[in-house]
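Spelled out from the first residue to the last, the chains are:
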Amino acid sequence: MVRRPVAWVVAIVLLAEAFFIGALNWFLGVVVDRQDMSLAGLDPDVMATSSKIGGLVFGLYFALCALVAVLVAIRDRAPAGFGRVLLISVAVVHGLLGAFVWGLVGWTAFLFMVAVLGLVVLLLMTYDRDGGPQRAAAGGGADEGGDPKAEGEPGPVTAPAASPAPATDEPRDGDDEPRDSVPAQSLLR
């Protein structure tokens, strides 16, 4: 199947992104600190510190998403709960980053972001919600080839047969053609 390899690829790509984003923001913080420049009157130390903290936060976020992808690959089950929310949020982040990098960086960065977005969405969509093969019919018990969990459930319920309507030539409700409640007006006056 394609599910486990996709999960491993997503985990590797997100881990690489976590390292790259963290290192890039740390480098930018060091550059701002060494240049000792101010942007619109902001303190350079605050800008350098906030860049480093932002790099750590986003790096840990991507690393946590990579951990969820690793767990999905190891367990071969769909992500659930908080892990599913993390993977959906990282897909949204890559969609937004793709929109921004198109104009700021170029089309190659856009293609990378869209490729990662596609991988995360593929990871989310390839797993069933029940995490296994299709359940057998609910009609039989465990010894009859049916689903053992559905043993206490009643079989399919059928509606009683309706008596046929009397054959008359009179129109019944719904037999008439639909009518507009507003008379048609001419567009040409």
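These numbers were taken from a predicted model, which means no experiment stands behind them.

Some thoughts on the overall build of the chain
Assigned secondary structure in the chain consists of 4 helices and 0 strands. In the chain, the succession of α and β elements from N to C terminus is α-α-α-α. Sequence separation of at least 24 residues holds for 61% of the intrachain contacts in the chain that already meet a minimum separation of 6.

Quick word on a negative patch on the surface
On the surface, a cluster of negative charge is contributed by Asp-33, Asp-36, Asp-43 and Asp-45. Within the secondary structure, Asp-45 sits in helix α2 (residues 44-75).

Overview of the pattern of salt bridges
Across all of its chains, the model carries 2 salt bridges by this definition. The salt bridge partner of Asp-76 is Arg-3, with a shortest N-O separation of 3.9 Å. Of this pair, Asp-76 sits in the loop between α2 and α3 (82-104) while Arg-3 sits in helix α1 (residues 3-35), and the two are 73 residues apart along the sequence. Under the relative-accessibility criterion, Arg-3 is labelled buried at 19%. Linking Arg-4 and Asp-76 is a salt bridge whose minimum nitrogen-to-oxygen distance equals 3.9 Å. Linking Arg-4 in helix α1 with Asp-76 in the loop between α2 and α3, this pair joins segments that are 72 residues apart in sequence.

A closer look at the nonpolar core
Residues Val-10, Leu-14, Leu-87, Val-90, Val-120 and Leu-123 are the most contacted members of the largest nonpolar core, which totals 24 residues. For this core, the secondary structure elements donating two or more residues are α1, α2, α3 and α4 (107-125). Per element, the largest residue contribution to this core is 8 residues, and it comes from α2. Setting aside residues no more than four positions away along its own chain, Leu-87 makes contact with Cys-65, Val-68, Pro-79, Val-120, Leu-123 and Leu-124.

What about the layout of surface pockets?
Space inside the largest pocket adds up to approximately 250 Å³. In terms of lining, the largest pocket is formed by Glu-17, Phe-20, Ile-21, Leu-97, Phe-100, Val-101, Leu-104, Val-105, Ala-109, Phe-112 and Met-113. Those elements that place two or more of their residues in the lining of the largest pocket are α1, α3 and α4. Top contributing element to the lining of the largest pocket by residue count: α3, with 4 residues. Its residues placed into classes, the lining of the largest pocket shows 10 nonpolar, no polar and 1 charged.

Some thoughts on the packing of α3 against α4
Two numbers describe how α3 lies on α4: the axes approach to 8 Å, and their chain directions differ by 160°. Between α3 and α4, the angle is such that the two are roughly antiparallel. Note that α3 runs across α4; the crossing there is left-handed. Contacts between α3 and α4 pair Arg-84, Leu-87, Ile-88, Val-90, Ala-91, His-94, Gly-95, Leu-97, Gly-98, Val-101 and Trp-102 from the former with Trp-107, Ala-109, Phe-110, Met-113, Val-116, Leu-117, Val-120, Val-121, Leu-123 and Leu-124 from the latter. Residue composition of the contact of α3 with α4, grouped by class: 17 nonpolar, 3 polar and 1 charged.

Each value, and the rule that gives it
Residues numbered from 1 in each chain as written. Predicted model: local features only at pLDDT ≥ 70, side-chain atom pairs only at ≥ 80, totals over all residues. Heavy atoms only, no water. Helix = DSSP H or I, 4+ residues; strand = E, 2+ residues; numbered from the N terminus. Contact = heavy atoms within 4.5 Å. Patch = residues over 30% accessible without salt bridge, like charges linked within 9 Å, V, L, I, M, F, W, Y side chains within 5 Å. Areas by Shrake-Rupley, 256 points an atom, 1.4 Å probe, with all protein chains shown as cover. Salt bridge = Lys/Arg side-chain N within 4 Å of Asp/Glu carboxyl O. Lys, Arg positive; Asp, Glu negative; His and termini not counted. Charge placed at Lys NZ, Arg CZ, Asp CG, Glu CD. Buried < 20%, exposed > 50% of the residue type's maximum accessible area, 1.4 Å probe, protein only. Core = buried A, V, L, I, M, F, W, Y, C linked by side-chain atoms within 4.5 Å. 1 Å grid on protein atoms, 1.4 Å probe; cavity = no way out; pocket = protein on both sides within 12 Å on 5 of 7 lines; lining within 4 Å. Points joined across faces, edges and corners; volume = space filled by probe spheres on them. Nonpolar A, V, L, I, M, F, W, Y, C, P; charged D, E, K, R; others polar. Axes fitted to C-alpha atoms, helices over the stretch in contact; angles between N-to-C directions. Parallel < 35°, antiparallel > 145°, perpendicular 65-115°, else oblique. Left-handed = near helix turned anticlockwise from the far one by under 90°.

Nothing here speaks to function; it is all geometry.
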